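# Structural description and commentary
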Amino acid sequence: MEDVDSNIKSFKERQRKVFEQLLHEEQVLLEVITSTEKRVDAWEKQTVALPTKAAKTASAATRAIRGSAVAVALDKSVMPPAVASFERFLQQAGGHQGGWDDIDHQAFLQLRQRHNGKENFAGILSSRIAGRTADDVARHESWYTEYLVLLEKKKAAIEKWKSDRKSARLNAVAKESDDSDSDDDDDDGRAAREELRQQRAKAEQEKKKEEIRQWKTEQKEILELEKMIADDNRKKEEALKAARLKQERAEQEERLEEYRQRKVEVEVIRRDTEELLRREEAEQRRLATQQLGQARPGGTAC
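Everything numeric in this text was worked out from a predicted model, so none of it was measured.

Moving on, we get to the overall build of the protein chain. Helix and strand counts for the protein chain come out as seven helices and zero strands. Across the protein chain, helices and strands are ordered from the amino to the carboxyl terminus as α-α-α-α-α-α-α. Scored against the burial criterion, the 302 residues of the protein chain give a buried share of 22%. Summarising the internal contacts of the protein chain: among those between residues at least 6 apart in sequence, 68% fall at separations of at least 24. Of the roughly 22700 Å² that the protein chain leaves accessible, carbon and sulfur atoms contribute 53%.

Given below as structure tokens:
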């Protein structure tokens, strides 16, 4: 039991460090994006003094870079209401796990998938998650249901925001193409856009690889956690079974001792009864002999 508790504490500590590292990386990324946008703004100002062809090429590249930077993170000033609502909900609820630690929340998700919809859903889960009552599970289920609804609204809002941004960029590119008087400018713009597209595709591929790697790691940790829980439950069942067997043996020994005592008592009663009968028979024989002697002529009493 102590080993299981130690392993669970170590797992929680590792998950906390991973979460803190992700928060740090997110902050660094936002700072890089902000710095990039500032450099882009400075670059746009410099293009004013460039020749027409170079200015248009630099302007196209600038807009492409700005588009990629904005695509990475939403500007808080133009954040869709659904996204803002979701972020506020997370801050109030204690993050993506509703204030629960990673182990309890992952166990909740696993058990929820198996037992959701059952009559005593909260009671079943509370019996499987150590330290959580049925009321805790019911509140967490209510929070998680609202979390899923807001998350879907956030995803839909982000997709619409991306679509609108894409349409705006395409319209800007089309307008710039209409205003361009040189085929060379179009070639330069297409080359810049193609290079940017390739960079985005490569970044997206790397991102997917990293997500797959993290998913595999999480699945491995979940399997290890489930194995630990199963081993713990098995040990508890074995201990309970051993306790029941010990109790049954004690009860059998007690019953056997009572039987032995009753047997001894019965034997004592039997001996006393036999002795009493023997004495009564002897007394009857003595009386019969005495009566027989008195009945004879000239007999004397004994």
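Once the structure has been displayed, the description carries forward.
Per the counting criterion, the structure on display carries seven aromatic pairs. Aromatic side chains W100 and F108 sit 5.9 Å apart centroid to centroid with 70 degrees between the ring planes, which places their arrangement in the edge-to-face category. Taking the relative accessible area as the measure of exposure, W100 reaches 9% and is therefore buried. Centroid distance Y144 to Y147: 5.9 Å. Interplanar angle 15 degrees. Geometry classified as stacked. Placement of the pair is Y144 and Y147 together in helix α6 (residues 134–179), with a separation of three residues, close to one helical turn. When sorted by exposure, Y144 lands in the same class as Y147, which is buried. When the ring centre of W100 is taken as reference, the NZ or CZ atom of R132 above it lies at 4.2 Å.

The subject of this paragraph is the pattern of salt bridges. Summed over all chains, the structure comprises 18 salt bridges. We note a salt bridge from R278 to E275, for which the minimum N-O separation is 2.3 Å. Of this pair, R278 and E275 both sit in helix α7 (residues 183–295), three residues apart, roughly one helical turn. In this structure E275 comes out as partly exposed when scored by relative accessible area, which is 28%. Across the pair E283 and R286 runs a salt bridge whose closest N-O atoms are separated by 2.5 Å.

Cut-offs used in this document
- Residues numbered from 1 in each chain as written.
- Predicted model: local features only at pLDDT ≥ 70, side-chain atom pairs only at ≥ 80, totals over all residues.
- Heavy atoms only, no water.
- Helix = DSSP H or I, 4+ residues; strand = E, 2+ residues; numbered from the N terminus.
- Buried < 20%, exposed > 50% of the residue type's maximum accessible area, 1.4 Å probe, protein only.
- Contact = heavy atoms within 4.5 Å.
- Areas by Shrake-Rupley, 256 points an atom, 1.4 Å probe, with all protein chains shown as cover.
- Phe/Tyr/Trp six-rings, centres within 6.5 Å; stacked < 30°, edge-to-face > 60°.
- Lys NZ or Arg CZ within 6 Å of the ring centre and 35° of its normal.
- Salt bridge = Lys/Arg side-chain N within 4 Å of Asp/Glu carboxyl O.

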